[in-house]
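# Coordinate inspection notes
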Amino acid sequence: MKLELRNISKSFGEKEVLKYISFSAESGKAFGLLGRNGAGKTTTIRILMHVFPADNGAIFLDGKPMDRQEVQIGYLPEERGLYPKKKIIDQLVYFSQLKGLSRADAIRSIDYWLDRLKMTEYRNKRLDTLSKGNQQKIQLITAIAHDPQIVILDEPFSGLDPVNAMLLKDVVKEEIAKGKIVLFSSHQMSYIEEFCDSIAILNGGQVVLRGDLHDIKRNYVRDRLIVRSEHMEKILSDLGDCCDRREEGDLIIRLASTEDKQAMMRTLTEKYDIDEIKVFEPSLNDIFVEYAEQQN
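Notes on the structure in this doc start here.

Calculation rules
Residues numbered from 1 in each chain as written. Predicted model: local features only at pLDDT ≥ 70, side-chain atom pairs only at ≥ 80, totals over all residues. Heavy atoms only, no water. Pairing = 2+ DSSP bridges. Helix = DSSP H or I, 4+ residues; strand = E, 2+ residues; numbered from the N terminus. Axes fitted to C-alpha atoms, helices over the stretch in contact; angles between N-to-C directions. Disulfide = S-S within 2.5 Å. Buried < 20%, exposed > 50% of the residue type's maximum accessible area, 1.4 Å probe, protein only. Salt bridge = Lys/Arg side-chain N within 4 Å of Asp/Glu carboxyl O. Phe/Tyr/Trp six-rings, centres within 6.5 Å; stacked < 30°, edge-to-face > 60°. Lys NZ or Arg CZ within 6 Å of the ring centre and 35° of its normal. Contact = heavy atoms within 4.5 Å.

Attention shifts here to the sheet that holds strand β7 (residues 150-154). Strands sit in the order β6-β7-β8-β3-β9-β10 across an open sheet of 6 strands; the sheet is mixed. The sheet terminates laterally at β6 (73-76) and β10 (206-212), the two strands that pair on one side only. Within this sheet the neighbouring strands show an average axis-to-axis angle of 15°, counted without direction. Pairing geometry for β7 and strand β8 (residues 181-185), over 5 bridges, is parallel. By the bridge assignment, Leu 153 is partnered in β8 with Phe 184.

What follows is the structure in structure tokens.
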């Protein structure tokens with residue numbers, strides 16, 4: 001499947017929240033929808049889920065206007081939307097039936113996911129007796145128990161300890177491997193970088209960067225080197241202003257031109273005992289800061 005948003009715009013009163021945005025996501029891959037608070041991510045997700053319509057533009061699935069009666073969407077919101085005083089099994093069944101499952105199929109699927117997420121012991125407990133992380137796992141079950149074709153995860157790792165985060169990572173990878181379209185919205189760039197093949201960065205209601213993450217990184221000017229050596233202080237002293245120590249502990253060397261790359265590498269390896277040398281490639285966090293800070 002291929003999901004496409006084409007020229008979507010949305011205003012609330014005088015405020016133009018989305019300004020003709022377009023991007024696409026494919027099944028069997030994860031897509032990262034990024035932006036600062038207020039950039040338009042939530043509005044985009046709500047239009048995709050048909051909470052309200054776009055003013056202009058359309059959403060397509062495999063080249064045809066998306067029929068929301070034919071496509072199941074699972075949504076994990078950043079803010080939990082469950083009932084704290086209700087038993088977990090009762091509300092999970094309720095939400096699954098709203099998504100079209102019979103009661104028997106809902107219970108079968110829910111019990112599978114409770115076991116998969118190591119939550120079976122809480123099946124008949126009230127939600128408000130659970131920790132924040134375990135509540136997040138119950139919220140996840142509401143998003144995937146009905147086996148949707150499109151899964152939208154908004155800050156999915158919020159409140160999870162490292163063990164539960166690893167468990168959720170495995171579940172997400174399984175959903176991707178099943179050929180589903182998985183959309184991530186998160187400020188935790190390390191998770192986006194780990195899962196997502198493609199991204200779109202929103203700023204001021206516009207898409208300011210989109211595409212394959214690997215290609216985006218490769219297209220940056222490759223005029224800096226990362227160096228790790230036992231002779232860091234000597235290299236810093238010899239190279240002067242073109243060399244700085246990074247927080248990571250290694251050195252970054254700025255080249256006058258990309259054509260100087262091989263010569264500098266050769267000079268460094270001949271003159272110093274070098275443990276590691278490579279071309280600097282920006283992290284997704286670096287890219288996000290650059291584009292999210294731009295003013296439109």
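What follows deals with the state of the cysteines. In total, this model carries 0 disulfides according to the counting rule given. No disulfide involves Cys 242; its nearest neighbouring cysteine sulfur is the one of Cys 243, lying 6.1 Å away. Under the relative-accessibility criterion, Cys 242 is labelled partly exposed at 23%.

Phi is positive for Asp 62, which is not a glycine, with a value near 55°. Looking at the secondary structure, you find Asp 62 in the loop between β4 (56-61) and β5 (64-65). On the basis of relative accessibility, which here comes to 48%, the residue Asp 62 falls in the partly exposed class. Despite not being glycine, Glu 155 shows a phi value in the positive range, around 50°.

What follows covers the pattern of salt bridges. Applying the stated criterion to the full structure yields 25 salt bridges. With its nearest N and O atoms 2.6 Å apart, the salt bridge here joins Asp 147 to Lys 180. Of this pair, Asp 147 sits in the loop between α4 (132-144) and β7 while Lys 180 sits in the loop between α5 (162-177) and β8; the two residues are 33 residues apart in sequence, bridging distant segments of the chain. Overall, the relative accessible area of 6% leaves Lys 180 in the buried class. Three or more residues joined by partner-sharing salt bridges are found here, namely Arg 228, Arg 246, Glu 248, Asp 250, Glu 276 and Lys 278.

All right, on to the packing of aromatic side chains then. Taken as a whole and assessed by the stated rule, the structure comprises 8 aromatic pairs. For the pair Tyr 112 and Trp 113, a centre-to-centre distance of 5.0 Å together with 80° between the ring planes defines the contact as edge-to-face. By relative accessible area, which is 42% here, Tyr 112 ends up partly exposed. For Trp 113, a relative accessible area of 4% translates into the label buried. Taken together, the ring pairs connect Phe 157, Phe 184, Tyr 191 and Phe 195 into an aromatic cluster. Geometry around Phe 60 places Arg 6 over its ring, the cationic atom sitting 3.8 Å from the centre.

Below, the discussion takes up the environment of Val 171. Structurally, Val 171 is set in helix α5. Given a relative accessible area of 2%, Val 171 falls into the buried group. Distance from Val 171 to Phe 12, taken between C-alpha atoms, is 37 Å for residues 159 residues apart in sequence. Leaving out residues up to four positions away in the same chain, Val 171 has contacts with Trp 113, Arg 116, Leu 117, Leu 140 and Ile 144.

Looking at chain direction, strand β1 (residues 2-12) and strand β2 (residues 15-26) are connected through 8 bridges and run antiparallel. Note on β2: the bridge partner recorded for Phe 12 is Lys 15. Where β1 folds back on β2, the antiparallel hairpin that results is connected by 2 residues, among which Gly 13 adopts a positive phi of roughly 65°.

Bringing the sheet that holds β1 into the picture now. With respect to topology, 4 strands assemble into an open sheet ordered β2-β1-β4-β5, the strand pairing being antiparallel. The sheet is open, and its two borders are formed by β2 and β5, each paired with just one other strand. Strands in contact with helix α1 (residues 41-48) are β1, β2 and β4; relative to β1, the strand with the most contacts, it is inclined by about 115°.

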